[in-house]
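Listed here are the chains, written in short residue letters.
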Amino acid sequence: METPKHVEYVLTILEAAGHAAWCVGGCVRDALLGRTPEDWDVTTSARPEETLAVFGSRALPTGLKHGTVTIKTEEGPVEVTTYRIDGAYQDHRHPASVTFTRSVDQDLARRDFTVNAMAWNLRGEFRDPWGGRTDLEKKVLRCVGDPDRRFQEDALRILRGLRFGATLGFSIEPGTEEAIRRNREGLRDIAAERIQVEFFKLLAGKQAAEVLRSCPEVFGVFWPELLAMVGFDQKNRHHCYDVWEHTLHALAAVPGDPVLRCAMLLHDVGKPASFTLDEMGVGHFYGHPAVSHQMAEEMLRRLKCATEFRETVVRLVEWHDKDIPRTDKSIRRALRILGEEDLRRLILVKRADNLGQAPEFWDRQKELDKAEEILNRLLAEDACFSLKRLAVNGRDLLALGLSGPAVGRALEELLEKVMDGALPNEREVLLAYLQRDLGTEKGT
Ligand code: ATP
Ligand code: MG
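What counts and how
- Residues numbered from 1 in each chain as written.
- Chains lettered and ligands numbered in written order.
- Predicted model: local features only at pLDDT ≥ 70, side-chain atom pairs only at ≥ 80, totals over all residues.
- Heavy atoms only, no water.
- Near = heavy atom within 4 Å.
- Polar contact = N/O pair within 3.5 Å; in protein donor to acceptor, adjacent residues only side chain to side chain.
- Helix = DSSP H or I, 4+ residues; strand = E, 2+ residues; numbered from the N terminus.
- Nonpolar A, V, L, I, M, F, W, Y, C, P; charged D, E, K, R; others polar.
- Phe/Tyr/Trp six-rings, centres within 6.5 Å; stacked < 30°, edge-to-face > 60°.
- Buried < 20%, exposed > 50% of the residue type's maximum accessible area, 1.4 Å probe, protein only.
- Lys NZ or Arg CZ within 6 Å of the ring centre and 35° of its normal.
- Contact = heavy atoms within 4.5 Å.
- Salt bridge = Lys/Arg side-chain N within 4 Å of Asp/Glu carboxyl O.

Peer 1: For this particular structure, what's the right way to read the site of ligand 1?
Peer 2: By nearness alone, 16 residues border ligand 1, and Arg29, Asn116, Asp154, Arg157 and Arg163 come closest of all. Within the backbone of Asn116, an N or O atom sits 2.9 Å from an oxygen atom of ligand 1. A distance of 3.3 Å separates an oxygen atom of ligand 1 from a polar atom in the side chain of Arg160. Of all elements in the fold, only helix H2 (26–32) and helix H7 (156–168) reach the threshold of two or more residues within the shell around ligand 1. By residue number, the principal contributor to the shell around ligand 1 is H7, which donates four residues. The residue makeup of the shell around ligand 1, split by class, is one nonpolar, three polar and twelve charged.

See below:
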């Protein structure tokens with residue numbers, strides 16, 4: 001079992017001072033799965049003040065109340081936490097007290113899932129009192145101990161569990177899954193920021209659609225808007241699925257990036273509220289992108305998402321149903337408004353939206369191929385779609401005698417002409433055009 005050098009260093013120093021020390025939790029899980037752990041956690045018999053004393057100036061008292069000391073190493077920080085037992089929990093999230101113990105197994109018993117409750121040390125000893133290794137091999141997520149109790153203690157574990165299901169591609173043991181459903185209301189006590197972090201990691205997971213499908217009512221605790229989509233019959237031949245199934249198929253069809261996954265989850269959230277039935281019995285959702293946009297904005301604010309994330313998602317939601325531009329001119333215009341990154345995202349969103357429809361409409365993919373081709377060509381040609389890319393700048397215009405708002409107006413006009421193909425993006429030509437223009441202006 002491979003332990004990186006900087007973690008080995010921390011374990012060695014603790015052992016040399018007479019303490020027991022183990023790699024524990026997510027890093028052991030990930031290493032056994034052959035994944036690179038994001039962070040390495042160490043659990044030790046040393047009390048926090050002993051850890052501080054052993055590491056001297058390399059140690060930072062980052063969470064003494066919970067027994068955590070951070071050790072600075074060349075390769076990054078390592079969190080060292082004293083073996084502990086959590087006291088009774090308050091408010092579905094925080095233990096009222098923590099007690100330090102001298103038993104690593106007691107520390108493992110407070111951890112959330114069996115696959116997160118394994119430890120190894122430098123002597124090649126491996127602790128796994130809850131059968132985490134077997135569950136890892138069977139790809140099963142199971143609570144340590146009684147699941148109802150564990151979710152009542154800390155409701156964030158509900159989302160952590162679903163998140164691991166989505167990212168690791170594990171199934172959730174039936175008893176654990178039932179307890180997740182039963183205890184979902186506890187999520188109301190969890191801070192929006194914590195929900196947000198777990199939920200967006202979940203959305204980026206390879207099995208996000210399956211997890212969303214398996215228990216929409218859990219996500220409905222913080223986003224009840226999702227529940228109106230479940231089972232909503234579209235009564236339209238473009239669709240072979242209800243709104244929720246369509247959403248999940250579309251979500252699974254975009255790459256595992258939180259922005260794209262979130263845009264897909266919310267792109268049709270306004271459909272139930274926009275539904276009308278015509279005299280032929282056909283369903284329509286006129287104006288649903290605007291309704292989805294407004295709802296998505298509200299939902300993302302509720303989870304306290306970062307502004308840039310929120311703005312990008314709602315823009316994709318707003319644009320998802322517009323015709324995709326398929327001419328040089330219209331692609332340049334879309335680039336002007338969205339920029340390259342978001343236009344590429346929009347193409348992915350539209351591809352996925354289409355793949356979530358009835359298969360006889362999948363030939364729309366060809367239109368998207370065409371748009372992508374033009375986009376790639378324009379970018380390869382270094383096409384001009386922003387003032388930054390224009391062959392002249394403000395200084396050139398000042399030199400021609402323009403000043404004040406006239407500079408901005410002239411630049412905009414040039415950009416319009418270049419984007420429309422009326423003028424080439426060449427400095428000499430643009431300057432000559434301006435001079436002529438100024439000349440006529442002066443003359444009139
Ligand atoms: P990640 O890949 O996101 O880092 P992780 O399992 O390592 O996943 P961390 O938040 O780094 O998650 O926590 C490290 C370990 O601490 C977990 O593996 C688990 O043993 C324990 N742990 C974390 N959060 C909880 C919790 N809410 N309840 C019980 N144990 C927890
Ligand atoms: Mg971790």
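Further notes follow.
Peer 1: Looking at this structure, how should I read the packing of aromatic side chains?
Peer 2: What characterises a pair of aromatic rings is the spacing of the ring centres plus the angle enclosed by the ring planes. Summed over the entire model, instances satisfying the criterion amount to twelve aromatic pairs. Aromatic pair Phe199 and Phe222: ring centres 5.1 Å apart, planes at 75°, arrangement edge-to-face. Here the residue Phe199 occupies a position in helix H9 (residues 192–204), and Phe222 occupies one in the loop between helix H11 (216–219) and helix H12 (243–252), the gap between them amounting to 23 residues. The pair Phe199 / Phe222 is uniform in exposure class, with both members buried. Here the aromatic rings of Phe219 and Phe222 are separated by 6.4 Å at their centres, their planes lie at 85°, and the arrangement is edge-to-face. For the residue pair Phe219 and Phe222, the accessibility class agrees, reading buried in each case. Of the aromatic side chains, those joined through ring pairs into one cluster are Phe199, Phe200, Phe219, Phe222, Trp223 and Phe309. Here the guanidinium or amino end of Arg133 rests over the ring plane of Phe126, the centre of that ring lying 5.5 Å away.

Peer 1: Sorry if this is basic, but what is going on with the environment of Lys322 here?
Peer 2: Note that Lys322 resides in the loop between helix H16 (307–319) and helix H17 (328–355). Accessibility expressed as a relative area gives 39% for Lys322, which makes it partly exposed.

Peer 1: Got a minute to help me understand the side chain of His320 in this structure?
Peer 2: Take His320: it is sitting in the loop between H16 and H17. Residue classification places His320 among the buried positions, given a relative accessible area of 1%. Here the side chain of His320 touches His288 through a polar contact of 3.2 Å, side chain to side chain. Polar contacts involving the side chain of His320 include one to the main-chain carbonyl oxygen of Val317, which spans 2.7 Å. Beyond its immediate chain neighbours, meaning those up to four positions away, His320 contacts His267, Asp268, His288, Pro289, Leu346, Val349, Lys350 and Asp353.

Peer 1: Just checking my understanding: could you explain the pattern of salt bridges for this structure?
Peer 2: Should their charged atoms come close, side chains of opposite charge can pair. For the coordinates displayed, the defined rule picks out 41 salt bridges. Residue Glu225 pairs with Arg302 through a salt bridge whose shortest N-O separation is 2.4 Å. With Glu225 in the loop between H11 and H12 and Arg302 in helix H15 (residues 288–302), this residue pair connects regions lying 77 residues apart in the sequence. Residues participating in the shared-partner salt-bridge network are Arg93, Arg149, Arg150, Glu153, Asp154 and Arg157.

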